[in-house]
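Here is how the chains run, residue by residue.
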Amino acid sequence: MRLSWIHFALFVLPPALAQAATEGDAFFESKVRPILVERCYECHSPDKKVKGGLRLDVREGWVKGGDTGPAIAPGKPKESLLIEAVEYANRDLQMPPKQRLSAAEAAVLRDWVQMGAPDPRDGGPAAPATKKVVGLSVADGRKFWCYQPVKKPAVPAVSDPAWPRGDIDRFILAKIEAAKLQPAPPASAADLARRLYFNLIGLPPTPEQLDAFTKQAANDQPRAVAELTDSLLSTPQFGEAWGRHWLDVARFAESSGGGRTLLFKDAWRYRDYVINAFNADLPFDRFIREQLAGDLLAAATPQEQSRQLTATAFLALGPTNYEEQEKQQLRYDVIDEQLDTLGRAFLGQTIGCARCHDHKFDPIPQRDYYALAGILSSTRTLASYTENVTKWISAPLPESGRQETILKQYEAQVAALEAGLEKAKATVATLAKETTAPVAKPGEAIAATALPGIVVDDSEAKVVGMWKHSKYVRSYIGEGYLTDDNTGKGEKTITFSPAIPKTARYEVRLAYAYAPNAKRAKNIRVSILHADGEETVFVDENQPPPIDGRFIKLGTWRFEKDGAGYVLISNDKSDGFVTVDALQLLDEKDVQAAQDQAAVGEPGALTAARKEQKKLEADLAKLKKSGPRRETAMAVQDDKEIAGTRIRVRGIEKQRGEEVPRGFLQVAMTPETAPPSDHESGRRELAEWIAGAQNPLTARVFVNRVWNWLFGRGLVRTVDLFSTTGEKPSHPELLDFLASRFVEEGWSVKKLVREIVLSRTWQEAVGAPVAADPENFLYTHSNRRRLDADQLRDAVLAVSGTLDLKTGGPNIAGAGDIDANSTSAQSIEYAYVYTDTRRSVYTPAFRNKRLELFEAFDFGDANQPSGQRAVSTVAPQALFMLNHPFMLEQARLAAARVADSTAPDAEKLADAFRRALGRPPTTAEREKCLNFLSKAAKPAEAWAQVQQALFGCLDFRYLN
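Every chain begins its residue count from 1, and numbering advances along the sequence as written. Totals for whole chains, interfaces and linings use all residues, but because this is a predicted model, local features are given only for residues with pLDDT of at least 70 and pairs of side-chain atoms are given and counted only at 80 or more. With hydrogens and water set aside, each side-chain value is computed from the structure's full complement of heavy atoms.

Quick look at the overall build of the protein
Moving on, step 1. Counting from the N terminus, the helices are DSSP H or I runs at least four residues long and the strands are E runs at least two residues long. Helices and strands together make up the secondary structure of the protein, namely 31 helices and 21 strands.
Moving on, step 2. Radius of gyration: C-alpha atoms only; globule rule: 2.2 Å multiplied by the number of residues to the exponent 0.38. Taking 30 Å as the expected radius of gyration for a compact globule of 960 residues, we find that the protein reaches 32 Å, a close match to that expectation.
Moving on, step 3. Across its three principal directions, the C-alpha atoms of the protein cover 100 × 70 × 65 Å.
Moving on, step 4. Each residue gets one of three labels from its accessible area relative to the maximum for its type: buried under 20%, exposed over 50%, partly exposed in between, using a 1.4 Å probe on protein chains only. In the protein, which comprises 960 residues, the share counted as buried stands at 54%.
Moving on, step 5. A separation threshold of at least 6 residues defines the contact pool for the protein, and within that pool the share at least 24 residues apart is 73%.
Moving on, step 6. By element, 53% of the accessible surface of the protein is carried by carbon and sulfur atoms, the whole surface being about 41,000 Å². We call two residues in contact whenever any of their non-hydrogen atoms come within 4.5 Å of each other. Here the Shrake-Rupley method, with its probe set to 1.4 Å, supplies the accessible areas, and only the displayed protein chains count as covering residues.

Put into structure tokens, the structure is as follows:
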């Protein structure tokens, strides 16, 4: 036991920690630094001012802190003044003071502090974004090992030619012999069976499967391993286990994350695409092309076209703050996340670190970042750049044969009705404008009491800053209106806090003073706090108020009786005069009644037009309810505008520098690299460059990932970082040999996996550390490994007999019915109760709420690509296995499978051990368990406790 823990500490933690350190620096450069530059440097850098004695442009600034002490307690966001300030938790400490950070920005800073506040900046002033800071030039970078072309090396000779089963073993044995060491003997048949099942399909073998394998292995173990390997590779469970590996790399999730989370109703299609790709052994280079440019590739059938469209969800699945109001900033934040993901996933590069400046460590100049960004800015990922809460693109999927004909006929009917409805609405609006009398004559003021509903005049609002009282525009409410006089931007707000007499849904209207050619602001931010959350809308006061010449509708929301709702108008970043007159709230039932009453006695033409509109609305609703439904998938598509993009100085979208043509990373390009097309976004050529056999990174990175997934550690331990900040390979020749073979054999994942697991190296027995090689870099033996979170859960369900092996399909009830502007998604995610018993790859993958077992056992981080999960050992893990209701229930069910048998207790105990641990009990274990069972007053409970102990023991969680 003691040796196994030492072994774990030496061999599992170091690679995870090494990668965590470099990933922390990358997280700072790509996520944290842009926020500090844009939102904090104005008050906390010497280039502008240093308020409160706090500098945030250098690491030592937040370490030392300002007048109130250190700004950050690394690893402790709840104890960090910086987090307290940006979350507005203290009314006397709110930063930035003019406009609080968005929920997504605050979450980035909180996550940064939680991970220990990694900060690679030195103690001097922040370097200008246009200068090279540290790192390699492109020319020097081409000399670094990972950027050099892959060359297939000669297989080395070994002193013991009988030991190797293949070329992998010869590369491994050559280094073992050079160190004057010996490889370990082969693992036992039982250990190999358990190792094969968990590594290839993520499930434990049944006692019957164990017996069959050990019986065959007794006669010819290599042949038994080969046949079992081929059998497991052909099962659908292989794609589920290995697809899960890739879903970690693709930062797969089924919600957008953040406080205003949205559900990705079609994300399951991408999950199924990945699983099916691994089961079908889709060549990995094709797998890359489809995920980056599937919508641009030719397809022979509708099914193939659907598959390729679905694959492009890889670019759309990232964590995104869809309600960000600065839509161009949101657009470039999405592009940054896409670049970071594809860089890590396919190339092992932290491309995102070059958003603000030349990469500090690697040969990636800022121009290369924006050359790639130009490809993605020529790609459409967001459905709209104008909606208050935008969303992703839902692409219609083609069908074949008669079904496609039916769908096209239905869609034509819908389009015709929608066109007719728009025309009818326009007619009603025109006639109503000509016949409806205004509330008051033009140019006349009106008392607030003369208006229906809840009316709050500006004189009753809370005013911050110097607003000017005016009566210049005569059609005001009450005694005049307020204007910011186009000064003090960001310093002035007006807050209406209406008294709500009853809980209901209210239409919220804002009155402002309009005058033609008066240089009114077009982008006035209005925040509404209602019973279900907070909304932000923007008002254009250059347009006349559409309701009675006074009001504009902000929206309809629920407010509670005597609740704390408010409407706040800010002049922050407004581009002209801001005027505020009054606020009106109308119960939505009263709005409809008023419209119906207004229709009485109106001209016949208007009445007829209204009836026609209502008829068309009813016909359209009926058609949509009864018609066939075309399936959709998350996807991307080429934008209408194809062009390069400008460098964003310090990564800030509005601070634009020179334009950069679209292109790729210079350090990994060859003379054969085709430039982006003038007629497409360039994603097709991007995919060709990444998936090309001449790219020095792609095959190396993926081969190393496969090695890591099979051994628990890569030949390059920092599996997501092939760079100067990552580690060098322990066996560079073997890495290049496997990368070359991988390409030569058609990028077949199954062939690569098979070759590795059939090697003697992979089949070695678990051994203790060797003094000459304490971290087992030479692979003299196998390392004991803990099952990952998915394997643990699936193993528990398999042992209890409740595992549902149904494959594919949607898995979140109600996800498809939610509109982007609804808050219902939050309710589904935050209140979700996990009751499914399907494999863990199908468990809903929310960003805000994870299954508790996944949280305890280091599930992958869905907010960034991850090819290597962290492995921690903490007390809550043992407590979860022993005390959690899920574990207690599964132990009871597993025990019932055994206890209901009429066999003797000794046989039932042996069966329980073999199902859970893959081995019979030792003599001591058998004696203690039988003694416990013989004294039990309630046998069923006693058996459940025995099973609970089996789930809680190390041999269940760890794999030899």
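Description of the sheet that holds strand S13 (residues 566-570)
Moving on, step 1. DSSP calls a pair of strands paired once it identifies at least 2 bridges connecting them. Reading across from one edge, S5-S8-S13-S10-S11 is the order of the five strands in this open sheet, with antiparallel pairing throughout. The sheet terminates laterally at strand S5 (462-464) and strand S11 (533-539), the two strands that pair on one side only. Going from strand to strand, the sheet's axes swing by 15° on average, the running direction of each strand aside.
Moving on, step 2. Relative to S13, strand S10 (residues 524-530) runs antiparallel, the two being bridged by five bridges. The residue bridging Ser-527 from the neighbouring strand is Leu-568, located in S13. A fitted line through C-alpha atoms represents every axis, and for helices the fit uses only the stretch in contact; the resulting angles, taken between N-to-C directions, go from 0 to 180 degrees.

Brief notes about empty space enclosed by the protein
Moving on, step 1. Think of a 1 Å grid over the protein atoms and nothing else: a 1.4 Å probe that fits but is trapped marks a cavity, an open set flanked by protein within 12 Å on at least five of seven lines marks a pocket, and residues with an atom within 4 Å of a point count as lining. Grid points are joined across faces, edges and corners, and a volume is the space filled by probe spheres set on the points. Counted according to the given criterion, the structure contains 10 cavities of 30 Å³ or more.
Moving on, step 2. Counted as a void, the second largest cavity has a volume near 150 Å³.
Moving on, step 3. In terms of lining, the second largest cavity is formed by 16 residues, of which the most central are Leu-710, Phe-711, Ser-782, Asn-783 and Arg-785.
Moving on, step 4. Looking at the lining of the second largest cavity, the elements that each hand over two or more residues are helix H8 (189-201) and helix H20 (698-711).
Moving on, step 5. Three residue categories are used. Nonpolar comprises Ala, Val, Leu, Ile, Met, Phe, Trp, Tyr, Cys and Pro, charged comprises Asp, Glu, Lys and Arg, and polar comprises the others, including Gly. When grouped by side-chain class, the residues that make up the lining of the second largest cavity number five nonpolar, seven polar and four charged.

Re the confidence of the model for the protein
Moving on, step 1. The predicted model of the protein averages 88 in pLDDT, with 91% of residues at 70 or higher.
Moving on, step 2. Think of pLDDT as the predictor's per-residue confidence, scored from 0 to 100. The low-confidence segment residues 1-14 (pLDDT under 50) makes 31 contacts with residues lying over four places distant or belonging to another chain.
Moving on, step 3. Across residues 123-134, confidence stays below pLDDT 50; counting only partners more than four residues off in sequence or on other chains, it has 23 contacts.

Concerning the environment of Asp-266
Moving on, step 1. Mapped onto the fold, Asp-266 is located in the loop between helix H10 (236-249) and helix H11 (267-279).
Moving on, step 2. Asp-266 gets classed as buried once you look at its relative accessible area, which sits at 6%.
Moving on, step 3. Between the C-alpha atoms of Asp-266 and Pro-810, which are 544 residues apart in sequence, the distance is 7.8 Å.
Moving on, step 4. Excluding anything up to four places from it in sequence, Asp-266 contacts Ser-394, Thr-632, Ala-633 and Met-634.

Some remarks on the pattern of salt bridges
Moving on, step 1. Take a side-chain nitrogen of Lys or Arg and a carboxyl oxygen of Asp or Glu: if they are within 4 Å of each other, that pair is a salt bridge. Throughout the structure, instances matching the rule amount to 63 salt bridges.
Moving on, step 2. A salt bridge links Arg-170 to Asp-167, with the shortest nitrogen-to-oxygen separation between them at 3.0 Å. With Arg-170 and Asp-167 both in helix H7 (residues 167-178), this residue pair falls three residues apart, about one helical turn.
Moving on, step 3. We classify Arg-170 as partly exposed; its relative accessible area is 27%.
Moving on, step 4. Within the structure, one salt-bridge network assembled from shared partners comprises Asp-167, Arg-170, Arg-741, Glu-745 and Glu-755.

Topic: the pairing of S10
Moving on, step 1. In terms of residue burial, S10 counts as a mostly covered element, since six of its seven residues are buried.
Moving on, step 2. Both S10 and S11 contribute to a ladder of seven bridges, which runs antiparallel. Within S11, the position partnered with Ile-524 by the bridge is Val-539.
Moving on, step 3. The turn joining S10 and S11, which pair antiparallel and follow one another in sequence, is formed by two residues.

What about the packing of aromatic side chains?
Moving on, step 1. In this scheme Phe, Tyr and Trp rings, the latter by its six-membered ring, pair at centre separations within 6.5 Å, and the angle between planes marks the pair as stacked below 30 degrees, edge-to-face above 60, and tilted otherwise. By the definition in use, this model includes 36 aromatic pairs.
Moving on, step 2. With centroids separated by 5.7 Å and ring planes inclined at 25°, the aromatic side chains of Phe-238 and Trp-242 adopt a geometry described as stacked. Here Trp-242 and Phe-238 lie together in helix H10, a separation of four residues that amounts to about one turn.
Moving on, step 3. Ring geometry for Phe-278 against Phe-287: centres 5.7 Å apart, planes inclined by 70°, an arrangement best described as edge-to-face. Each member of the pair, Phe-278 as well as Phe-287, carries the same accessibility label: buried.
Moving on, step 4. Charge over a ring is defined by NZ of Lys or CZ of Arg lying within 6 Å of the ring centre and within 35 degrees of the ring normal. Here the guanidinium or amino end of Arg-251 rests over the ring plane of Phe-314, the centre of that ring lying 5.6 Å away.

So, the packing of helix H23 (residues 789-800) against helix H27 (residues 885-899)
Moving on, step 1. Between H23 and H27, the least distance of the axes is 7 Å, while the angle of their chain directions is 35°. Between H23, through Arg-793, Val-796, Leu-797, Ala-798, Val-799 and Ser-800, and H27, the contact on the second element is made entirely by Phe-886, Met-887, Gln-890, Leu-893, Ala-894 and Arg-897.
Moving on, step 2. Counted by class, the contact of H23 with H27 contains eight nonpolar, two polar and two charged residues.

A closer look at the environment of Glu-588
Moving on, step 1. Relative to the helices and strands, Glu-588 is located in helix H17 (residues 588-599).
Moving on, step 2. For Glu-588, a relative accessible area of 37% gives the class partly exposed.
Moving on, step 3. On a C-alpha basis, the gap between Glu-588 and Ala-504 in space is 8.1 Å, while along the polypeptide they are 84 residues apart.
Moving on, step 4. Filtering out sequence-adjacent residues up to four positions away, Glu-588 remains in contact with Arg-505, Tyr-506 and Thr-556.

Some points on helix H9 (residues 207-233)
Given 3.6 residues per helical turn, the α-helix brings residues three or four places apart onto the same face.
Moving on, step 1. Expected span of a helix: the number of residues minus one, times 1.5 Å. Here H9 contains 27 residues, and its C-alpha end-to-end distance of 20 Å is more than 12% below the 39 Å for a straight helix at 1.5 Å per residue.
Moving on, step 2. At Asp-220, H9 shows its maximal bend, which comes to roughly 135°, and the proline Pro-222 appears one to four places after that position.
Moving on, step 3. Listed as buried for H9 are Pro-207, Leu-210, Phe-213, Ala-217, Gln-221, Ala-224, Val-225, Ala-226, Leu-228, Thr-229, Leu-232 and Leu-233.
Moving on, step 4. Contacts from the buried residues of H9 go to H8, H10, helix H22 (749-757) and helix H28 (905-917). Note on bend: at a given residue it equals the angle between the axes fitted to the 7 residues ending there and to the 7 starting there.

Some thoughts on the sheet that holds strand S6 (residues 468-470)
Moving on, step 1. Read from one edge to the other, the open sheet built from three strands follows the order S6-S7-S14, with strand pairing classed as antiparallel. Looking at which strands have only one partner, the edges of the open sheet turn out to be S6 and strand S14 (579-580).
Moving on, step 2. Strand direction decides the pairing type here: strand S7 (residues 481-483) and S14, joined by two bridges, are antiparallel. Within S14, the residue paired with Thr-483 across the bridge is Thr-579.

What to know about helix H30 (residues 939-952)
Moving on, step 1. For H30, which comprises 14 residues, the first-to-last C-alpha distance of 20 Å matches the rise-based estimate of 20 Å (1.5 Å per residue) to within 8%.
Moving on, step 2. Along H30, the positions that sit buried rather than exposed are Ala-942, Trp-943, Ala-944, Val-946, Gln-947, Gln-948, Leu-950, Phe-951 and Gly-952.

Quick notes on the packing of H27 against H28
Moving on, step 1. At a closest axis distance of 9 Å, the pairing of H27 and H28 adopts a crossing angle of 135°. Between H27 and H28, the angle falls in the class oblique. Note that H27 runs across H28; the crossing there is right-handed. Contact residues: H27 offers Arg-897, Val-898 and Ala-899, while H28 offers Lys-908, Asp-911, Ala-912 and Arg-915.
Moving on, step 2. Here the residues of the contact of H27 with H28 are counted per class, giving three nonpolar, no polar and four charged. Any angle from 65 to 115 degrees is called roughly perpendicular, while one under 35 is roughly parallel, one over 145 is roughly antiparallel, and all others are oblique. The crossing is said to be left-handed when, going from far helix to near helix, the turn is anticlockwise and less than a right angle, and right-handed when the turn is clockwise.

Section: the nonpolar core
Moving on, step 1. In these notes, a set of buried Ala, Val, Leu, Ile, Met, Phe, Trp, Tyr and Cys residues joined through side-chain atoms within 4.5 Å is what counts as a nonpolar core. Counting residues in hydrophobic clusters, the biggest one holds 133 residues, and the most contacted among them are Trp-246 and Tyr-270.
Moving on, step 2. Formed by 42 residues, the second largest nonpolar core is a distinct cluster that contains Phe-198, Ala-795, Ala-856 and Ala-895.

Looking at the side chain of Asn-708
Moving on, step 1. You can see Asn-708 is positioned in helix H20.
Moving on, step 2. Here Asn-708 is in contact with Arg-713, Gly-714, Val-719, Arg-785, Gly-867 and Gln-868, once residues within four sequence places are set aside.

Some points on the state of the cysteines
Moving on, step 1. The criterion for a disulfide is a pair of cysteine sulfur atoms lying within 2.5 Å. One pass over the structure, following the stated rule, counts zero disulfides.
Moving on, step 2. No disulfide involves Cys-953; its nearest neighbouring cysteine sulfur is the one of Cys-929, lying 9.9 Å away.
Moving on, step 3. On the basis of relative accessibility, which here comes to 23%, the residue Cys-953 falls in the partly exposed class.

Section: the side chain of Asp-458
Moving on, step 1. Following the sequence through the fold, Asp-458 ends up in the loop between strand S4 (454-457) and S5.
Moving on, step 2. As used throughout, the charge tally considers Lys and Arg to be positive and Asp and Glu to be negative, leaving His and the chain termini uncounted. For Asp-458, which is buried and forms no salt bridge, the nearest opposite charge comes from Lys-471, at a distance of 10 Å.
Moving on, step 3. Sequence-distant contacts of Asp-458, defined by excluding residues within four places in its chain, comprise Ile-477, Gly-480, Tyr-481, Leu-482, Phe-496, Val-580, Asp-581 and Ala-582.

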